Amino acid sequence: MATKLRDGNSVSSGLMLSDGIAAKWPTIIVFDSGVGGLSIYNEVRQPLPDARYLYVFDNEAFPYGEKSEQFIVDRIVAIVGAMWRLHKLDMVIVACNTASTISLPALREHFPCPIIGVVPAIKPAARLTRNGIVGLLATRATVQHSYTHNLINQFAPNCQILQLGAAELVDMAEAKLHGEMVPLPVLRELFRPWLRAVDPPDTVVLGCTHFPLLSPELQSTLPEGTRLVDSGSAIARRVAWLVEHNIDVSGLQSEAGPNRVYCLAATPQAMALMPVLTRYGFGSLEKLTL
Ligand code: DGL
């Protein structure tokens, strides 16, 4: 088995024990309120195609962007706890900016495996911008959270950050994966303040994991040349690095089995996602009971 490293560089046997015995592969949960986490999963599986992935989406409490902090923390600890009882987990990826900015300390307190969070890619955006104006697109919860303000103060103190809390985009990404067209006039309306600005942002942070699923539509709505930055490739690098170096390979729980998807409510709408999930390499969708 080989670990395919990003940038097309191949690294053979990223998981090789010192005696040369091929190592076991980790079981990784990728969690989101909806389909957004698939954008992260899609990046993570590039360097680690042989890991075992359990995708969990909380369609019962979706959307998280409008929920209270305490609700989100309690909910995620309960969900990861339920998965912990069902499977031998090696790593948890909270593939949701809204949940990560709020729940990482609680998760790390409860579960003794690496917990990887996804937060808005402010730092790379601040490096990439040429006009010093960066747009931040995220849920209202993420835009308002002190974690995000701290990221801005720490990594982009000299940039002008134009924030847009856009819950509509989350729904549009969900609808797109259900086969619906993305309404471009609605997008244009949403971005009107930026489109009319004398100096619009030249770099836009996609601070919600749903938004990379809308990249073509966002790119065609925003001024030509606008750079979209998300956290997916950085998360993939981090996870691959942890798997290669940091996780005690011999201690991997390594539960064998196919990639699976769990939802919190077995609705017809959730079931209708099956063709999409199959395209992403998942074979089954089950209800997770808390
Ligand atoms: N995908 C989630 C995020 O990255 C947001 C979706 C929601 O509001 O539930 O923030």
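See above for the structure.
Presented here is a report on the structure given in the accompanying data block. Please read all numbers here as calculations on a predicted model, not as lab measurements.

A look at the sheet that holds strand β10 (residues 227–229)
Now for step 1: Read from one edge to the other, the open sheet built from 4 strands follows the order β8-β7-β9-β10, with strand pairing classed as parallel. Each of the sheet's edge strands pairs with one partner strand only, and the pair in question is β8 (160–165) and β10. For this sheet, the mean inter-axis angle between neighbouring strands, taken without regard to orientation, is 25°.

Focus: the layout of surface pockets
Now for step 1: Reported here for the largest pocket is a volume of approximately 500 Å³.
Now for step 2: Along its surface, the largest pocket is lined by 23 residues, and Gly117, Val119, Ser231, Ala234 and Ile235 are the ones closest to its centre.
Now for step 3: Elements that contribute at least two residues to the lining of the largest pocket include exactly α3 (97–110), β6 (115–117), α4 (122–128), α6 (146–155) and α11 (232–246).
Now for step 4: Per element, the largest residue contribution to the lining of the largest pocket is 5 residues, and it comes from α11.
Now for step 5: For the lining of the largest pocket, a count of residues per class yields 15 nonpolar, 3 polar and 5 charged.
Now for step 6: Taken as a whole, the second largest pocket holds about 170 Å³ of empty space.
Now for step 7: What lines the second largest pocket is Ser33, Gly34, Val35, Phe57, Asn59, Phe62, Glu174, His178, Thr267, Gln269, Ala270 and Leu273.
Now for step 8: The class makeup of the residues in the lining of the second largest pocket is 5 nonpolar, 6 polar and 1 charged.

Focus on the pattern of salt bridges
Now for step 1: A complete count under the given rule lists 6 salt bridges for this structure.
Now for step 2: Arg75 is the partner of Glu60 in a salt bridge, and the nearest nitrogen-oxygen pair spans 3.0 Å. Here Glu60 is found in the loop between β4 (52–57) and α2 (69–86), whereas its partner Arg75 is found in helix α2, with 15 residues between them in sequence.
Now for step 3: Glu66 is the salt-bridge partner of Arg140, the closest N and O atoms lying 3.3 Å from each other. Of this pair, Arg140 sits in helix α5 (residues 140–144) while Glu66 sits in the loop between β4 and α2, placing them 74 residues apart in sequence.
Now for step 4: Among the residues examined, Glu66 registers a relative accessible area of 44% and is labelled partly exposed.

A word on the site of the ligand
Now for step 1: Around the ligand, the surrounding shell holds 14 residues, and the nearest of these are Ser33, Tyr64, Gly65, Thr98 and Thr209.
Now for step 2: Take Asn97: an N or O atom from its main chain is 2.8 Å from an oxygen atom of the ligand.
Now for step 3: Within the backbone of Thr209, an N or O atom sits 2.8 Å from an oxygen atom of the ligand.
Now for step 4: Coverage of the ligand by the protein chains reaches 99% of its 300 Å² of free accessible surface.
Now for step 5: Structurally, the ligand is housed in the largest cavity.
Now for step 6: For the shell around the ligand, the class distribution of residues is 6 nonpolar, 7 polar and 1 charged.

Description of the nonpolar core
Now for step 1: In terms of nonpolar packing, the biggest core is built from 55 residues, with Ile93, Leu137, Leu169, Phe191, Leu218 and Val239 touching the most fellow members.
Now for step 2: It is α11 that provides the largest number of residues to this core, a total of 6 residues.
Now for step 3: Contacts of Phe191, omitting those with residues within four sequence positions, involve Leu137, Leu164, Leu169, Leu218, Thr221 and Leu222.

Re the packing of α2 against α3
Now for step 1: Running from amino to carboxyl end, α2 crosses α3 at an angle of 50°, the nearest separation of the two axes being 9 Å. With respect to each other, α2 and α3 are oriented oblique. Here α2 and α3 pass one another in a crossing that is right-handed. Between α2 and α3, the contacting residues are Glu69, Ile72, Val73, Ile76, Val77 and Val80 on the first element and Thr98, Ala99, Ile102, Ser103, Ala106, Leu107 and His110 on the second.

Criteria and cut-off values
Residues numbered from 1 in each chain as written. Predicted model: local features only at pLDDT ≥ 70, side-chain atom pairs only at ≥ 80, totals over all residues. Heavy atoms only, no water. Pairing = 2+ DSSP bridges. Helix = DSSP H or I, 4+ residues; strand = E, 2+ residues; numbered from the N terminus. Axes fitted to C-alpha atoms, helices over the stretch in contact; angles between N-to-C directions. 1 Å grid on protein atoms, 1.4 Å probe; cavity = no way out; pocket = protein on both sides within 12 Å on 5 of 7 lines; lining within 4 Å. Points joined across faces, edges and corners; volume = space filled by probe spheres on them. Nonpolar A, V, L, I, M, F, W, Y, C, P; charged D, E, K, R; others polar. Salt bridge = Lys/Arg side-chain N within 4 Å of Asp/Glu carboxyl O. Buried < 20%, exposed > 50% of the residue type's maximum accessible area, 1.4 Å probe, protein only. Near = heavy atom within 4 Å. Polar contact = N/O pair within 3.5 Å; in protein donor to acceptor, adjacent residues only side chain to side chain. Areas by Shrake-Rupley, 256 points an atom, 1.4 Å probe, with all protein chains shown as cover. Sits in = over half its atoms within 2 Å of the grid points. Core = buried A, V, L, I, M, F, W, Y, C linked by side-chain atoms within 4.5 Å. Contact = heavy atoms within 4.5 Å. Parallel < 35°, antiparallel > 145°, perpendicular 65-115°, else oblique. Left-handed = near helix turned anticlockwise from the far one by under 90°.

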